[in-house]
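In case you want the letters, here they are:
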Amino acid sequence: MRDAYVVGAGQTAFGSFPEESYRSLFATAFDRAMAAADGLGPADIDEAVVGTLGVGGRQLGLSAPAVTEHVGLSVPTTRVENACAASGYAVRNAVQAVKSGMADVVLAGGYEVMTDASGDATKYWLGVSGETEWERLTGTTFAGTYAQMASAYFDEYDADVDDLSRAAVKNHANGAQNPHAQLGFECSLEDASDAATVADPLTLYHCCPTSDGAAAVLVASEEVAESMDAARVAGVGAGSDRVGLFERDTYTSIPASERAADAAYEMADCGPDEIDLAEVHDCFAIAELLAYEDLGFCEPGEAPELLREGVTDADGDLPVNVSGGLKSKGHPIGATGAGQIAELWKQLTGNAGDRQVEGVERGLAHNVGGSGGAAVVTILEGEA
């Protein structure tokens, strides 16, 4: 199969935008992606793949064609719904289309409007991404599910609430450098650890916000990518697992992430020690610790040490979530995966502005659906 490249990417700010619609948010991300892909026009796009869970807690049929028609495209468009991993999978589908030769340029993206629903409606809506019958309808929230993972991790390894807080403090510090971040302010370890409890042991600072936003990525063939600011898609892998946490063999790992990472590393012909920068799915702080281990950045139980020693700080040996991650940048479900790819493209092509990490040759994006029913890992390569 031929190579595929990311040749442009853009996103909206993530946050609460009551004056915007899902169409207008997507149009902003699309316009920014097209502006970034110098030399490429809408007429060059062969098809589109768009990820979303719903709009304001409601499901809409044909919402993906609605957004592509709104930006003037009349191309085949597919909606991908894999909960929080929706647009990560959209990018994967775009890569498959280009690598197979069925398309030369594919638009992949996602959007979500989450802040126009009530708190109860949002809680119910988000719950559909977990196991419905035995978790959501018996009262378990998503925060509750990840709190169970954190409690199990504390029981199994040398870790405590401050280790969760270190992930939040790091990501808030990074998000303060990102003009697109929803919670672009710094916080202290005490702020995070002493905040109100959401689901013991998770505090408010250990949980990402609900967000509105959109992101768009353009994936193209090598012939199209020539002379453009391009990052090669070196590897992409996906994995699935039982949706219900109670059905799994472990609470201290997300097997779908391990499977996705193994496939991506094999395609990219590299290992975790050759990754220079990563954007990982930190919907709750414990998820970032599990990601370090599931992606092979360290052995099981060693994730807290990476945070304590600053390895994953923006100036560390392996910067993680320099965008601010889901925790600070925000988490508009359908847009999150494409937003991670947008950040990698900016870093690998030297377009990351004040948060640019120097010398980055290979970056990894890790996008998880729900509490781990699906995951996708994408590895991009550029020139240092």
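Worth saying up front: this structure is predicted, and the values here are computed from it rather than measured.

### Thoughts on the pattern of salt bridges
Moving on, step 1. Using the criterion set out here, one finds twelve salt bridges in the structure.
Moving on, step 2. Note that aspartate 158 is salt-bridged to arginine 308, the shortest N-O span being 3.9 Å. Taken together, the residues span a long stretch of sequence, with aspartate 158 in the loop between helix H5 (142-156) and helix H6 (161-175) and arginine 308 in helix H11 (residues 303-308) at a distance of 150 residues.
Moving on, step 3. Aspartate 158 sits in the exposed class, given a relative accessible area of 61%.
Moving on, step 4. Its relative accessible area of 32% is what places arginine 308 among the partly exposed residues.
Moving on, step 5. The closest approach of N and O atoms between arginine 308 and glutamate 305, which form a salt bridge, is 2.7 Å. Of this pair, arginine 308 and glutamate 305 both sit in helix H11, separated by three residues, roughly a single helical turn.

### Here we look at a nonpolar patch on the surface
Moving on, step 1. Taken together, the side chains of Tyr124, Val128 and Leu137 define a hydrophobic patch exposed on the protein surface, amounting to about 320 Å² of accessible area.
Moving on, step 2. Residue position: leucine 137 is located in the loop between helix H4 (119-127) and H5.

### Some details on the UniProt feature "domain: Thiolase C-terminal" (unreviewed entry) in the chain
Moving on, step 1. Under the feature "domain: Thiolase C-terminal" (unreviewed entry), the UniProt entry names residues 238-381.
Moving on, step 2. Taken end to end, residues 238-381 comprises 33% helix and 15% strand; its first and last C-alpha atoms sit 18 Å apart.

### Topic: the nonpolar core
Moving on, step 1. Grouped together as the largest cluster of nonpolar side chains are 51 residues, with contacts concentrated most on Tyr146, Tyr265, Phe284, Ile286, Leu295, Phe297 and Ile379.
Moving on, step 2. Taken together, the elements giving at least two residues each to this core come down to H5, H6, helix H9 (255-268), helix H10 (285-294), H11, strand S10 (362-369) and strand S11 (374-381).
Moving on, step 3. Looking at this core, the element that brings in the most residues is H5, giving eight residues.
Moving on, step 4. Ranked by size, the runner-up nonpolar core spans 38 residues in total, among them Val233, Ala338, Val357 and Val360.

Thresholds, definitions, all that
Residues numbered from 1 in each chain as written. Predicted model: local features only at pLDDT ≥ 70, side-chain atom pairs only at ≥ 80, totals over all residues. Heavy atoms only, no water. Salt bridge = Lys/Arg side-chain N within 4 Å of Asp/Glu carboxyl O. Helix = DSSP H or I, 4+ residues; strand = E, 2+ residues; numbered from the N terminus. Buried < 20%, exposed > 50% of the residue type's maximum accessible area, 1.4 Å probe, protein only. Patch = residues over 30% accessible without salt bridge, like charges linked within 9 Å, V, L, I, M, F, W, Y side chains within 5 Å. Areas by Shrake-Rupley, 256 points an atom, 1.4 Å probe, with all protein chains shown as cover. UniProt positions renumbered as here; feature names shortened; annotations may be inferred. Core = buried A, V, L, I, M, F, W, Y, C linked by side-chain atoms within 4.5 Å.

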